[in-house]
Amino acid sequence: MSSQFDASVAALRSAIEQGESFVIIPHVNPDGDAIGSAIAVYIALTKKGKRVELIGADEVPRNLRFLPRWEEFRSAREMFPDDAPTENMPKEIEHFDLAIIVDLSAPRRLAHARHLIPLAKAVAVVDHHELGDDVADGILVVDSSYAATALLLYHIWEAIGFEFDSDIAQCLLTGIATDTGGFKFQNTDARALRAAADLVQRGGNLSLIHEMVWDRKPESALKLLGVALNNLRIAANGKVAYSTLSLQEYESVGATDEDSEGIVNEVGKVDSCVISALFREHLPNRIRVSVRSRGDIDVAEVCRKFEGGGHKNAAGCTFSSSLESAIAALMPSLEAAAL
Ligand SMILES: [Mn+2]
């Protein structure tokens, strides 16, 4: 650990000790790491007797609604319906001593929740993504060598003055488990496994996480998977596998975009492919693309060219266009990266 990192951890600890009121914010379209990390910090601060709000742009995904205290999340979309600062702010969100943003560093990825940032005296970032060009101004506790923000948090937990309990263990374990794909992605290192073992000992329940996150799906999600597999296309001599989901197809099986979770990984099982992608028309002419790669291929770099981002092997971007235009725009870069 660099001394810069240690200094940031010390700064976060003193901001936590001195602050009275906090807001914890995960990124837009949150995953298990964002939600698990946010709730863990929320519980720890609450136990210290602090006033804490847990606010995200989006709702807690259905498959994470087994986590302790997930119902305490509040929606920034409801708070800021016009996606602008409002005059009649509820009293409890008028001021915060510290805003802690987790699993991201770019304020634009807070979406509606970014309007909370000016209400906070200071900001802290806890994240494991590479810093981009849009970074919140504040205490940066960032290290991209960690497989998950929850894993980074696990390592600094006591250094920032927090205690563990079984609910916190379950939240952090969920963050680590989801960002490592159930401990099977390349980022699953000894550090992640050691942390997981300790978190299980502290009360985390890994089989419950597997069941709730991956092994229980609504009928609509399985039907949507069927549609996506049926739409499978192959490019670059088999090196790129991709699929599409149109708005009409979502509607035909009664699915929402949440049901597309994990489908890109199924597409990526084509044995010859090194890059997989799923193009989803989740709103009219709004295309979300999830991209995955094997080995050393950096798809985050590709997605950054289209104002997206992510990790080397798991990234995404969005297009305001038709499905076919989004495919035409992105495929040349994916094919080039696959060669
Ligand atoms: Mn993460």
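Starting from 1, residues in each chain are numbered consecutively following that chain's sequence as written. The predicted origin of the model limits local features to residues at a pLDDT of at least 70 and limits the giving and counting of side-chain atom pairs to 80 or more, whereas totals for whole chains, interfaces and linings rest on all residues. For the side-chain quantities, the full set of heavy atoms in the structure was used; hydrogens and water were omitted.

Time to look at the coordination of the manganese ion. For the manganese ion, every protein donor is listed as Asp33 (OD), Asp103 (OD), His128 (NE2) and Asp179 (OD), and the spread of their distances is 2.1 to 2.3 Å. All donors to the manganese ion come from one chain, and their sequence spacing reads D-x69-D-x24-H-x50-D. Here Asp103 is found in the loop between strand 4 (96–102) and strand 5 (120–127), whereas its partner Asp179 is found in helix 5 (residues 166–179), with 76 residues between them in sequence. For the residue pair Asp103 and Asp179, the accessibility class agrees, reading buried in each case. Shown as donors are all N, O and S atoms within 2.8 Å of a metal ion, widened to 3.2 Å for Na, K and Ca; because water is not in the atom set, sites may appear incomplete. Numbered from the N terminus, helices here are DSSP runs of H or I no shorter than four residues, and strands are runs of E no shorter than two. For each residue, the accessible area found with a 1.4 Å probe, counting protein chains only, is set against the maximum for its type, and the residue is called buried under 20%, exposed over 50%, and partly exposed in between.

Glancing now at the environment of His282. Inspection of the secondary structure assignment puts His282 in strand 9 (residues 275–283). Residues His282 and Ala255 lie 27 residues apart in sequence; the distance between their C-alpha atoms is 9.9 Å. Any pair of residues with heavy atoms lying within 4.5 Å of one another is described as a contacting pair. Not counting residues within four places of it along the chain, the set of residues in contact with His282 comprises Leu247, Tyr250, Asp257 and Arg288.

Right, let's talk about the nonpolar core for a bit. Residues belong to a common nonpolar core when they are buried Ala, Val, Leu, Ile, Met, Phe, Trp, Tyr or Cys residues joined through side-chain atoms within 4.5 Å. Among the nonpolar cores identified, the biggest contains 57 residues, and Leu12, Ile24, Ile100, Trp157 and Leu172 are the most heavily contacted of them. Looking at this core element by element, the count peaks at nine residues for helix 2 (residues 32–47). Beyond its immediate chain neighbours, meaning those up to four positions away, Ile24 contacts Ala38, Val41, Tyr42, Leu45, Val52, Glu53, Leu54, Ile55, Ile100 and Val102. Of all hydrophobic cores here, the second largest spans 25 residues; its members include Ala235, Val302, Ala315 and Leu323.

Time to look at the packing of helix 5 against helix 6 (residues 190–201). At a closest axis distance of 9 Å, the pairing of helix 5 and helix 6 adopts a crossing angle of 155°. If you check the angle between helix 5 and helix 6, you find them roughly antiparallel. The handedness of the crossing between helix 5 and helix 6 comes out as left-handed. Counted together, Ala169, Leu172, Leu173 and Ile176 of helix 5 and Ala192, Ala195, Ala196, Leu199 and Val200 of helix 6 form the full contact between these two elements. Gly is placed with the polar residues, together with every amino acid not listed as nonpolar (Ala, Val, Leu, Ile, Met, Phe, Trp, Tyr, Cys and Pro) or charged (Asp, Glu, Lys and Arg). Here the contact of helix 5 with helix 6 is composed, by residue class, of nine nonpolar, no polar and no charged. Axis definition: a line fitted to C-alpha atoms, limited for helices to the stretch in contact. Angles are taken between N-to-C directions and run from 0 to 180 degrees. Roughly parallel here means an angle under 35 degrees, roughly antiparallel means over 145, roughly perpendicular means 65 to 115, and every remaining angle is called oblique. When the near helix sits turned anticlockwise from the far one by under a right angle, the crossing is termed left-handed; a clockwise turn instead gives a right-handed crossing.

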